[in-house]
Amino acid sequence: MHRYEKALTRLVATTTHLNSDDIRPLIRVPEPDKGDLSIPCFPFAKRLKKNPAQIAGDIANGIGEDPHFISVEAAGPYLNARIDPKHIVQTIVPEIRALGDRFCTSDVGQDRYVVVDYSSPNIAKPLGFHHLRSTMIGNALIHIHQALGYRVFGVNFLGDWGKTFGLLAEAFARFGDRTALDQQGISYLLELYIQANKAVEAVSGFDDAARAMFRRQEAGDKAAIDLWQLIRDISIDEFQKIYRRLGVVFDAFEGESHYRDGMAGVIEKIEHAPGTRVDQGALVVDMPYGEGEAPLMLRKQDGATLYATRDIAAAIDRWQRFAFEKSLYVVGVEQRRHFDQLKRALSAMGCEWSDQMTHVHFGRVHGMSTRKGTVVFLEDVLNEARDRAREKMKQTAAERDIDLDAISEQVGIGGVVFGDLKNLRTSDYTFDWEEMLNPKGFTGTCVQYAHARCCSVLRKAGGISETNTPDLALLTHPEEIGLVKTLARLPGAVASAARELEPSRVARAVYDIAHAWNRYQQAGNADRSLRILSNDPAEKTARCALVDATRIGLKKGMALLGVPQPEAM
Ligand code: ARG
């Protein structure tokens, strides 16, 4: 649509002598019966000293012929433009096919860095369902920015430092069972943690011993660090199993512990930064504009650092390494205050770049906790999604000779991931198994089906010949043109997803393509003359070119979201 928005802007700018930059942002998509693009003329009234309806009328009369549009008309105070279907079909379809994998990519972000801090679970506990949102929103934002040419650093800021790990290490040293740990991995650690907490109550001196253990870890004592390392390694191994299933790859696991050694240096720097002061032996930052707000503590009297200290060290380190344009923290809304303080503390310390840090928070998921209110493990959710998908596909799979195991995993993951990302990032949503895998709903399954169907049509057509240039003038049916228009909107959706940090823009756009594709299919079922695999070779070639463009668009949209893209279902 980019091209058409630009063309309309130019037309209006020439007739009114207004500045293009004042016109372009006003362009909207109107109700379908009104056209494809629309400009409200209210904002021009003052400058042109006429009423908006008059302006719209004058512009419409003044605009000459233009190959992009079949009409540009006034409707009251609005100017509505209709794109020439021949033009859009004949430009967009070949363009997408020529771009292939590079469809929706650009270089607007060239040479600039985006840091994405996402997933970031605490170690020694399995990933919970509540980690899904951060993990998948972060993953999508990474792919989306990469598509726009940004350099991205995706980092998992593990919660891997603190008293808890002294406690766990002490418990393991006292009553741990290495064989059980090796066999059961993280679920053993979870039990150990429960046991450790009981010991704090029941075993005298245990609590002090756990504290001492953490102090030894902080001091770098070999035996104490080895225990911590073991707990950390086992946790990461376990996390990676799930990340692998989700197709999520981190550039680095740089958790809180990463900032334990460099901490002294940073603290020194912080100590001399403006805004910080020592208060009864503790290092604090006064919050700017924080009427009555307690200062942020960065080092306690006993020398211990805190979560906020390590985040400050990490923020400074990331700035020094990447000079980022954006530094995104994809973290639940419960930590709003933490990130607010973090930014303000950094700004008090003279780090102007703290403005480029954004807490990308997100809504809650309802309907996904156990009856006892305990954590639901992400692995269990992914398994259930896979099993449900398998159940639904069992029959067709047998008929169609597809790999049921592989596909049901892809469909399960796609359902869960899309079911999350389709929601506005900041809204809450309710988890609903039935709806999530509904092939006719606003779901990952629907989009995956559409894509698999495109692939299967192209397979049946025997591939598409590259030498035979399709005569795209043959694509004149409203469903064909409608489908092309949804494809033309995908790149704009990707750009706005990056601007607004809102992956749901892509989810919506890719679903719109799938929906238009389904309508095209239905039209072909109802009217045989619209069949893609027509007996007329020219028709078949042109339609297959459209199917190919559709396949490319669906695949790209799903890939950006982290939804798997099976080619047969
Ligand atoms: N580990 C934290 C938690 O589980 C989240 C860390 C988020 N990232 C950050 N830079 N603070 O709550």
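Above this text you will find the structure in question.
The rules behind the values
Residues numbered from 1 in each chain as written. Predicted model: local features only at pLDDT ≥ 70, side-chain atom pairs only at ≥ 80, totals over all residues. Heavy atoms only, no water. Phe/Tyr/Trp six-rings, centres within 6.5 Å; stacked < 30°, edge-to-face > 60°. Helix = DSSP H or I, 4+ residues; strand = E, 2+ residues; numbered from the N terminus. Buried < 20%, exposed > 50% of the residue type's maximum accessible area, 1.4 Å probe, protein only. Lys NZ or Arg CZ within 6 Å of the ring centre and 35° of its normal. Near = heavy atom within 4 Å. Polar contact = N/O pair within 3.5 Å; in protein donor to acceptor, adjacent residues only side chain to side chain. Areas by Shrake-Rupley, 256 points an atom, 1.4 Å probe, with all protein chains shown as cover. Nonpolar A, V, L, I, M, F, W, Y, C, P; charged D, E, K, R; others polar. Pairing = 2+ DSSP bridges. Axes fitted to C-alpha atoms, helices over the stretch in contact; angles between N-to-C directions. Contact = heavy atoms within 4.5 Å. Right-handed = clockwise from strand over helix to strand, strands pointing away. Salt bridge = Lys/Arg side-chain N within 4 Å of Asp/Glu carboxyl O.

(A) Looking closely at the packing of aromatic side chains. Taken as a whole, this structure holds 22 aromatic pairs when the rule is applied. Aromatic side chains Y329 and F339 sit 4.9 Å apart centroid to centroid with 40° between the ring planes, which places their arrangement in the tilted category. You can see Y329 sitting in strand β10 (residues 326-329) and its partner F339 sitting in helix α14 (residues 336-348), a full ten residues away along the chain. As far as the burial class goes, Y329 and F339 line up, both buried. Between W517 and Y520, the ring centres sit 6.2 Å apart and the planes meet at 70°, which makes this aromatic pair edge-to-face. In this pair, W517 and Y520 both sit in helix α20 (residues 504-526), three residues apart, roughly one turn of the helix. On the accessibility criterion, W517 (0% relative accessible area) is buried. Site record: aromatic cluster; members linked through ring pairs are Y118, F239, Y243, F250 and F253. Seen from the ring of W161, R260 lies directly overhead, with NZ or CZ sitting 4.8 Å from the centre.

(B) Up close: the site of the ligand. Around the ligand, a shell composed of D117, S120, N122, F157, G159, Y307, D311, Y329, V331, Q335 and F339 is seen. Within the backbone of S120, an N or O atom sits 3.0 Å from a nitrogen atom of the ligand. For the ligand, whose free accessible area comes to 350 Å², the fraction covered by protein is 86%. Of the residues that constitute the shell around the ligand, the class distribution is five nonpolar, four polar and two charged.

(C) Up close: the sheet that holds strand β8 (residues 282-285). Pairing in this open sheet of three strands is antiparallel, and the strands run β7-β8-β9 from one edge to the other. Here the strands that pair on one side only, and so sit at the sheet edges, are β7 (276-279) and β9 (296-299). The average undirected angle you get between the axes of adjacent strands in this sheet is 40°. Pairing of β7 with β8 involves four bridges; the strand directions are antiparallel. Bridging from a neighbouring strand, V278 pairs with L283 of β8.

(D) Examining the side chain of N423 more closely. Position of N423 among the secondary structure elements: in the loop between α16 (404-421) and β13 (429-430). Reaching out from N423, the side chain makes a polar contact with the backbone oxygen of G419 at a distance of 2.7 Å. Once you skip the residues sitting within four places of it in the chain, N423 turns out to touch R133, Y429, E502 and S504.

(E) Region of interest: the pairing of strand β5 (residues 151-156). Burial runs high along β5: five of the six residues are buried. What joins strand β4 (residues 113-117) to β5 is helix α6 (residues 132-147), and the crossover it makes is right-handed. With two bridges joining them, β5 and strand β6 (residues 252-253) adopt parallel strand pairing. In the strand pairing of β6, V155 is matched with A252.

(F) Here's a closer look at the pattern of salt bridges. A complete count under the given rule lists 36 salt bridges for this structure. When the shortest N-O distance is used, the salt bridge between E238 and K241 registers 3.4 Å. With E238 and K241 both in helix α11 (residues 222-246), this residue pair falls three residues apart, about one helical turn. Residues D286 and R277 are paired through a salt bridge, measuring 2.7 Å at the closest nitrogen-oxygen approach. Given the relative accessible area of 33%, D286 is considered partly exposed.

(G) Spotlight on the environment of H143. As for its position among the elements, H143 is in helix α6. For H143, a relative accessible area of 27% corresponds to the partly exposed category. When the C-alpha positions of H143 and P503 are compared, they lie 10.0 Å apart, and in sequence the two are 360 residues distant. Residue contacts for H143: discarding those within four places in its chain leaves A559 and L560.

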